[in-house]
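# Close look at the chain arrangement
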Amino acid sequence: MRSSYLKEDVTLLLKDISGLVEPLDTKEREIRIQSGVHYCEMLPLEYKPTRKYIEIYEKMLPIFSGSTAEAVSTVSQKIWKKTAENTVLVSLARAGTPVGILIKRYIRKKYGANVPHYSISIIRGRGIDKNAMTYILARHLAGHIIFVDGWIGKGAILKELRKELGQYPEIDPEIAVLADPAYVTEMCGTHDDILIPSSCLNSTVSGLISRTFLRSDIIGPNDFHGAAYYENLAGEDRTYDFIRSVESKFLYDDTSGHEKDEPPSINGFDEVTKLAKNYKIENINFVKPGIGETTRVLLRRVPWKVLVNKTYADSVELRHIFQLAGEKNVPVEYIAMTHYKCCGLIKNMADA
């Protein structure tokens, strides 16, 4: 799989499908998704961000690299306490990959261990890449594997992962993430809904690779799940700008010994369910909570509305959200939320 990642940082267990699938624009993909085509059977057409948006990103990167680095430090120490030098990192492509690289680099710097790091595909409703799992398990013990992703919204991918790992009972059905505002895992850097700068961009902060792809005419029974390499965006690649910025602010004292946060009375999924009911949204997958998920809605779906926690109406963390919403003429509504600083609502194309 071609990418802009360094080979020493990650082994991508993905089939390169560059040039085999015609990418579709956002509106066409959304229409097809809502008519029943699975999102993994299409590739998104990715655009060069506007100059104004990139200016905001470049200002926010040094500001929020510190809180991201603290989350990396905390979750890396939790991982080390669990599996130490035996750790095998398996990140979920694509948002998990730069986070897995940061964790690998942190462990190497703090503990002197060069742990293996793979990146594989898991697709909601289609499951984990079993060929990639076979490859890893032929080389490593199941009990040493730690799955990694970027953040958790309402917990859909964690639910998918736990279901899939029923086939692999020796693997810990947990996931290490930087931020878990839904309070569904303790293997996290924080339960705060923090801005992770890599969530602000698509392939240009993820090694120039696409979302993962699975369709039987392209992906054979013995193939890894696929992804495309966006060579046309090479001039916009900020993958290692992000990695180096966060890495420069790693904390090497013990940050993982804090007492467990007391979870709010309502959990993240219940809050999302309540939001769906309040806005008369029948499909829970149209509600994308948290900074990372809201950003994704604005970047690669057709948004209907952005909800912002009124406590954070003037937050610098949400500056890119307001910029994207303005560029796409998406209304912003200010409400009370318990777990999340913002939430993206996807437009029902049948109503469009």
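In case you missed it, the structure is sitting above this.
We now turn to the structure provided with this report. Just so you know, these numbers come straight off a predicted model, no measurement behind them. (Residues numbered from 1 in each chain as written. Predicted model: local features only at pLDDT ≥ 70, side-chain atom pairs only at ≥ 80, totals over all residues. Heavy atoms only, no water.)

## With respect to the sheet that holds strand β13 (residues 332-335)
Overall, mixed pairing links the 4 strands, which are arranged β11-β14-β12-β13 in an open sheet. Among the strands making up the open sheet, the edge pair consists of β11 (287-289) and β13. Strand-to-strand twist of the sheet, defined as the mean angle between neighbouring strand axes without regard to direction, takes the value 25°. Note: strand β12 (residues 303-309) against β13, 4 bridges, orientation parallel. Counted as the bridge partner of N309 is I335 from β13. Lying over the sheet, helix α9 (residues 319-327) contacts β12, β13 and β14 (342-346), oriented at roughly 140° with respect to β13. (Pairing = 2+ DSSP bridges. Helix = DSSP H or I, 4+ residues; strand = E, 2+ residues; numbered from the N terminus. Axes fitted to C-alpha atoms, helices over the stretch in contact; angles between N-to-C directions. Contact = heavy atoms within 4.5 Å.)

## A short note on unusual backbone geometry
In this structure, the amide linkage connecting A93 to the following residue, R94, adopts the cis form with an omega of 10°. One can find R94 in the loop between β3 (88-92) and α3 (96-111). Positioned with a positive phi, Y183 is a non-glycine residue whose angle comes to about 60°. The residue Y183 is located in the loop between β8 (177-179) and β9 (188-190) in this model. For N329, which is not glycine, the phi torsion reads 55° and is therefore positive. Locating N329 in the fold gives a position in the loop between α9 and β13.

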